[in-house]
Amino acid sequence: VDGVTEVRVALMAEKRERRIVMVGSGKGGVGKSTLTANLAVALAGMGMKVGVVDADIYGPSQSMLLDATGSKLRAEGQTLIPHQSDFGVPFVSMAQLIEPGKAIAWRGPMVGKALAQLMEADWGEAELLLVDLPPGTGDVQLTMMQQFKPAGAVVVSTPQDLALIDATRAIDLFRQAKIPVIGVVENMAGYLCPHCGEASQPFGQGGAEAAAHTIGVPFLGRIPLAMEIRVGSDTGQPPAANDGAIGRPFTQVAAQVAR
Ligand code: ADP
């Protein structure tokens, strides 16, 4: 075999080895699901084959973030078939299996089974699975780390102390399990008033970067608090699908996750 073919064969082999990257946070509501969806869309835009697992079993959001149609999941035998979103990102979410508004009241073992079904869906050629974790350091995190050997974790926090304290706990859990922390993303960092153009910091700014520095993990960037992000998230139109100013911070973080 000539050299070029060797490299191609190696690349193909490399592609087939699927990486799992978790997106976690200490608290809920800090934008973990929003970041997951937009990172996936940005990575797909860079030509990567990426799928999203909505592992927030009790509070699934990906089916709203990535798809405005309210898709249901098909299965072949026991294997779920991920739904192809409009953005080149297949995904699975409990929201596609359970009726809207119905509570998912399961104990740990059932959650573990559900997680396994989502993780073992027919991911086809996906070379990267982004896993949207529930907030905190509970059952899903432990099962993910024990059973699915993630290659790394991204941790999202808003800039204020209350969120950072819990983000630090999440990082500690990953470190204890020897999961590489790819880095910290600061979300809702700074608000640019659409009317007067004045910049303000409702949750402060720079807290996540300082915390990342203190605990010795990379800082991946900040995403501003923006009306367009909230509106896009509520309507199944992730802003990272557009090349504009709102999508750019997501693309910059995504480039670091792709490495
Ligand atoms: P989590 O997954 O951490 O619980 P979500 O991603 O569901 O948080 O975000 C919580 C809410 O905040 C959602 O309504 C989402 O649209 C909104 N949101 C998240 N990030 C931003 C942002 N940077 N700017 C504006 N709204 C945001």
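Quick caveat, the model's predicted, so the values are computed rather than measured.

Some points on the site of the ligand
Move 1: The immediate surroundings of the ligand are formed by 17 residues, with Gly31, Lys32, Ser33, Thr34 and Ser233 found nearest.
Move 2: When residues of the shell around the ligand are traced back to their parent elements, those giving at least two are helix 2 (32-45), strand 9 (181-192), strand 11 (219-225) and helix 8 (227-234).
Move 3: Here the shell around the ligand is composed, by residue class, of six nonpolar, nine polar and two charged.

Considerations on unusual backbone geometry
Move 1: Here the phi dihedral of Lys178 falls at roughly 60 degrees; this positive angle occurs in a residue that is not glycine.
Move 2: Checked against the element boundaries, Lys178 lands in the loop between helix 6 (161-176) and strand 9.
Move 3: The phi dihedral of Met188 falls on the positive side, at around 60 degrees, and the residue is not glycine.
Move 4: Positionally, Met188 belongs in strand 9.

What about the pairing of strand 1 (residues 19-25)?
Move 1: Within strand 1, five of the seven residues are buried, which leaves the element mostly enclosed by the surrounding structure.
Move 2: Inspection of the sheet shows strand 1 paired to strand 8 (residues 152-157) by five bridges, in the parallel sense. When the sheet's bridge partners are listed, Val21 is paired in strand 8 with Gly152.

Observations concerning the UniProt feature "binding site: ATP" (unreviewed entry) in the chain
Move 1: In the UniProt entry, the feature "binding site: ATP" (unreviewed entry) is given for Gly26, Lys27, Gly28, Gly29, Val30, Gly31, Lys32 and Ser33.
Move 2: Tracing the sequence through the fold places Lys27 in the loop between strand 1 and helix 2.
Move 3: By C-beta crowding, Lys27 is classed as partly exposed, having 19 other C-beta atoms within 10 Å.
Move 4: Here Lys27 is in contact with Pro135, Ala163 and Asp166, once residues within four sequence places are set aside.

About the thresholds
Residues numbered from 1 in each chain as written. Predicted model: local features only at pLDDT ≥ 70, side-chain atom pairs only at ≥ 80, totals over all residues. Near = placed C-beta within 6 Å. Helix = DSSP H or I, 4+ residues; strand = E, 2+ residues; numbered from the N terminus. Nonpolar A, V, L, I, M, F, W, Y, C, P; charged D, E, K, R; others polar. Buried ≥ 20, exposed ≤ 12 C-beta atoms within 10 Å, placed from the backbone. Pairing = 2+ DSSP bridges. UniProt positions renumbered as here; feature names shortened; annotations may be inferred. Contact = placed C-beta atoms within 7 Å.

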